[in-house]
Structures are given as C-alpha cells and as structure tokens.
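Descriptive structure summary
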Amino acid sequence: MNLTALSNQKTIFSLEVFPPKKSTPDSAILDTISQFKAVDPDFISVTLGAGGTNPLGGNIEVADIIQNQLGIDAVAHVPGLYQTKSEVLQLLDKLDEINVHNILALRGDRIANRKPVGEFNHANELVEFIKNNRPEFNILGACYPNCHTDADSFIDDIANLKVKVDSGADHLITQLFFDDDAFYEFYEKARIAGINVPIEAGIMPCTNKRQIERITSITGVPVPKKFQAILDRYADNKEAMRDAGIAFAVDQIIDLVSRGVDGIHLYTMNQADTAARIYNETKSVFKATEVH
Ligand code: FAD
C-alpha cells in the first residue's frame, strides 16, 4: 500500500479497530471484523496494548483476517516501550508471513509501576530501527493536534514529530480531536516545520458520555462547548446521545474533507453500525475528491 500515492488520488478513509477479548471465539472475531467491509475503507488499523504480554497474539490474528480474508490493507499498531528489539523483529517476521507490511510505530503509553524495557524510549527510535532492519515495511506514526501530554510545549512536540518523520514515518494519523480549528493550526505548524507527509485526521464518534470522559481525561483533549452541551443534555438518553454524537462526527468530517484534509481515520471502538451510518452520510463527499 503506497499511502502517499493514494492520498494524491483521493481523500483517504480508514478505520481503527481493537482486537476482541482473548476469550472471544474465532468465528465471533471474524463476524465483528467482517462487518467493516461494507464501509469500504482504504485500510483498517489494529491496536495493540502497550503492555501486551503476548505481542504475537491479538492484533496479528485480526490483521490477518483484515488482510487475507477481507482483502483490505491492514496496519498493525506496534508500541515499543515494553518490547525488546528481538521481540519487535519476531513480530515483524510474523506480520511478513501474513503479508501485512504496514506498521503504526508507537512509543505506547506508560503503565504505572512497570519499568519500560529501555530499547525504544520514543517512537522515532522504533521507526529508525524498523527502517534500518526491515525496509520492506511502510511506517506510519502518531501525532497530536492538541499537543501530547508529555511535551513541554507545542513547538517541542512538532520538533519531535519532525524527527519521527525524518527517521522514516511516511504517513501520520492524529489523536482524536473535537475542534477542527485545532487541527488546522497543527497542520499549518507541521508544514512550516517541513513535515510534508500525509496527515490523516483522527475522528471519534462519541456515543457514550462515560467513554468520552475517560478518553479525554487520559489524552487531555479539550471538549468544546458545542460538544459539552450534547454530552450534558443527552448522556442519559442512549438513542439521542448516539444520534447527536454521530451528527457531530459527520459535521467534523465534512468540514475537514471540504477543506482538503489528506484523510479521515475513524476510531470505530468496534461499532460497525456507527461506522456504517457515518459512511452512508459522507461517502459522496469522499467520492467527490477522487482524481480520475
Ligand atoms: P512519541 O512520538 O515518542 O511521543 C511521545 C512524547 O515524547 C511526546 O511528548 C513527544 O513530543 C516526545 N518525544 C518524541 N520523540 C522524542 C525524542 N526523541 N526525545 C524527547 N522527546 C520525544 N497506544 C498503545 O499502547 N497502543 C496502540 O495501539 C495505540 N494506537 C494509537 C494510535 C494513534 C493514531 C494515536 C494518536 C495514539 C495511539 N496510541 C496507542 C497512544 C500512544 O501510544 C500514546 O499517545 C503515547 O503516549 C505516545 O506515543 P507516540 O508514538 O506518539 O510517542
């Protein structure tokens, strides 16, 4: 998959899923993941918990289904903080075997009371390691329109992002955000800093107040008044919260696509029906960006 070439032809539409619980039967995993085929994504990425004790489990199995049963390009997330170089090489061998050659290289979140292995302290080190040892892999990286919580300043965060891209990340996906203006400011600063790879905007349709409170408290992403009003009014009404959350995400996507964003990466939380509703509301807008 050549993401740069793809983003020159159209606005990319991609999805993120997480591996179902270990106890989930294989057929149920296949059912869950298969539902996303109807949404016609350019690729599907699969998360992997930073502290995953078995890096060869979970997301490899799901990536295999996506790539080889659904025929959609899969991207495997690989957090480096708690992995050794030899574990990463093992993981890459396994991905090579199933013909998955796209990696989202991450540092990963720190786990309380667990000491990082110390071989990959930042994502750029993992990117460089993969680039040098396994150049056949395409490498994607993460970025933060509202600034990463560990960064001393936005400028530092962008400078660190430039190092990650110069190390070999050729495509970026942002953390979720609710204020498109934050994305445009970040995008402009990244371009000024010489970061010229495609940047996909990460959008999370929020259909559950508790879930969004948990995510925003971890990520520090601000909730604008317009979205807070939705959360306050509809938190206890499942159907209204879902409709309003989907409408808010659709509004963000239409604004971003109209203003020329490189791509939209939908954080699906494995909710295929929500992804389908968003796809149906926006597919003509994506189609209109295709270059023939
Ligand atoms: P880095 O790029 O290393 O950045 C982390 C912090 O360090 C930033 O403040 C940055 O400015 C700073 N920094 C970067 N490089 C340097 C350097 N060389 N020297 C000094 N400072 C530096 N987590 C998971 O565990 N599993 C997942 O599957 C997962 N998927 C994600 C998908 C996306 C699209 C995003 C946006 C995040 C995802 N995360 C995932 C969360 C991610 O692991 C955390 O946000 C983590 O805290 C940072 O990861 P990173 O790769 O951006 O780190």
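Everything in this summary refers to the structure shown in the same document.

Here is what the cut-offs are and how they apply
- Per chain, the residues get numbers from 1 upward, laid out in the order the sequence is written.
- In view of the model being predicted, local features appear only for residues whose pLDDT reaches at least 70, and side-chain atom pairs are presented and counted only at 80 or more, with totals across whole chains, interfaces and linings using the full set of residues.
- Computation of side-chain values covers all heavy atoms of the structure but excludes hydrogens and water.
- In this scheme, a residue with accessible area under 20% of its type's maximum is buried, one over 50% is exposed, and one in between is partly exposed, where area comes from a 1.4 Å probe on protein chains only.
- Every helix listed is a DSSP run of H or I at least four residues long, and every strand listed is a run of E at least two residues long, numbered separately from the N terminus.
- Only strands joined by at least two bridges in the DSSP assignment are considered to pair.
- Here the term right-handed applies to a crossover when the path leading from its first strand over the helix to its second strand runs clockwise, the strands being oriented away from the viewer.
- Residues belong to a common nonpolar core when they are buried Ala, Val, Leu, Ile, Met, Phe, Trp, Tyr or Cys residues joined through side-chain atoms within 4.5 Å.
- Every residue pair with non-hydrogen atoms within 4.5 Å of one another is taken to be in contact.
- Axes here refer to lines fitted to C-alpha atoms; in helices the fit is confined to the stretch in contact. Angles between the N-to-C directions go from 0 to 180 degrees.
- A side-chain nitrogen of Lys or Arg and a carboxyl oxygen of Asp or Glu constitute a salt bridge if their distance falls within 4 Å.
- Whether a residue is near a molecule or strand is decided by its heavy atoms; if any one of them lies within 4 Å of it, the residue is near.
- Whenever a nitrogen or oxygen atom comes within 3.5 Å of another N or O atom, the pair is scored as a polar contact, on the condition that within protein one atom can donate a hydrogen and the other can accept it, and that pairs from neighbouring residues in sequence are kept only if both atoms are in side chains.
- Calculation of accessible area relied on Shrake-Rupley with a 1.4 Å probe; when residues are assessed, cover is drawn exclusively from the protein chains displayed.
- Each residue receives one of three labels: charged for Asp, Glu, Lys and Arg, nonpolar for Ala, Val, Leu, Ile, Met, Phe, Trp, Tyr, Cys and Pro, and polar for the others, Gly being one of them.
- Pairing of aromatic side chains here covers Phe, Tyr and the six-membered ring of Trp, requires ring centres within 6.5 Å, and sorts the geometry by plane angle: under 30 degrees stacked, over 60 edge-to-face, intermediate tilted.
- In this scheme, a helix's expected span is set at 1.5 Å multiplied by one less than its residue total.
- For classification purposes, an angle smaller than 35 degrees is called roughly parallel, one larger than 145 roughly antiparallel, one from 65 to 115 roughly perpendicular, and anything else oblique.
- Left-handed is the label given to a crossing in which the near helix is rotated counterclockwise from the far helix by less than a right angle, and right-handed is the label when the rotation is clockwise.

**Looking at the pairing of strand β5 (residues 138–143)**
Among the 6 residues that make up β5, 5 are buried, leaving the element largely enclosed by the rest of the structure. In terms of strand pairing, strand β4 (residues 102–106) meets β5 through 3 bridges, oriented parallel. The residue bridging N102 from the neighbouring strand is N138, located in β5. Once the chain exits β4 it traverses helix α5 (residues 123–133) before rejoining the sheet at β5, and the crossover so formed is right-handed.

**Some remarks on the nonpolar core**
Within the largest apolar cluster, 64 residues are counted, with the highest numbers of intra-cluster contacts made by I66, L95, L256 and I264. The dominant element in this core, judged by the number of residues it contributes, is helix α10 (residues 238–258), at 6 residues. Here L256 is in contact with F177, D180, F183, Y184, A201, I203, V261 and I264, once residues within four sequence places are set aside. Among the nonpolar cores identified, the runner-up in size contains 25 residues, and L6, L140, I212 and A244 belong to it.

**Digging into the sheet that holds strand β2 (residues 43–46)**
With respect to topology, 8 strands assemble into a closed barrel ordered β1-β2-β3-β4-β5-β6-β7-β8, the strand pairing being parallel. Taking the axes of each pair of neighbouring strands and ignoring which way they run, one obtains an average angle of 30° across the sheet. Relative to strand β7 (residues 199–203), strand β6 (residues 171–176) runs parallel, the two being bridged by 3 bridges. If you follow L176 over to β7, its bridge partner there is G202. Seen against the sheet, helix α7 (residues 180–192) touches β5, β6 and β7 and runs at an angle of roughly 160° to β7.

**Quick word on the pattern of salt bridges**
Applying the stated rule across the entire model yields 14 salt bridges. When the shortest N-O distance is used, the salt bridge between R259 and D255 registers 3.4 Å. Connected through salt bridges with shared partners, the residues D93, D96, R134 and E136 form a single ionic network.

**Some words on the site of the ligand**
Around the ligand, 25 residues are found, and the nearest of them are L48, D109, Y144, D157 and K164. A distance of 2.6 Å separates an oxygen atom of the ligand from a polar atom in the side chain of D157. Within the side chain of K164, one N or O atom sits 2.8 Å away from an oxygen atom of the ligand. Considering the ligand on its own, with 970 Å² of exposed area, one finds that the protein chains cover 84% of that surface. Going through the elements one at a time, β3 (73–79), β4, α5, α6 (154–167) and β6 are the ones with two or more residues in the shell around the ligand. Residue composition of the shell around the ligand, by class: 11 nonpolar, 8 polar and 6 charged.

**Re the packing of aromatic side chains**
Taken as a whole and assessed by the stated rule, the structure comprises 9 aromatic pairs. Aromatic side chains F183 and Y184 sit 5.9 Å apart centroid to centroid with 75° between the ring planes, which places their arrangement in the edge-to-face category. For F183, a relative accessible area of 2% gives the class buried. An angle of 35° between the planes, with centres 5.7 Å apart, marks the rings of F183 and Y187 as tilted. Taken together, the residues span about one helical turn, with F183 and Y187 both in helix α7 at a distance of 4 residues.

**A short note on α6**
Residues that lie three or four places apart on an α-helix share one face, since the helix turns once every 3.6 residues. Here α6 spans 20 Å end to end across 14 residues, near enough to the 20 Å set by a 1.5 Å rise per residue. Within α6, burial applies to D157, I158, L161, K164, V165 and S167. Along its buried surface, α6 packs onto α5, β5, β6 and α7. Phi turns positive one or two residues past the end of α6, at G168, with a value near 135°.

**Section: the packing of helix α9 (residues 225–234) against α10**
Axis separation between α9 and α10 bottoms out at 9 Å; the angle between their running directions is 165°. On the basis of their axis angle, the class for α9 and α10 is roughly antiparallel. Crossing angle aside, the handedness with which α9 passes α10 is left-handed. In this structure, α9 contributes K226, F227, I230, L231 and Y234 to the contact, and α10 contributes A240, M241, A244, F248 and D251. For the contact of α9 with α10, a count of residues per class yields 8 nonpolar, no polar and 2 charged.

The values reported here are purely geometric and, on their own, carry no functional implication.
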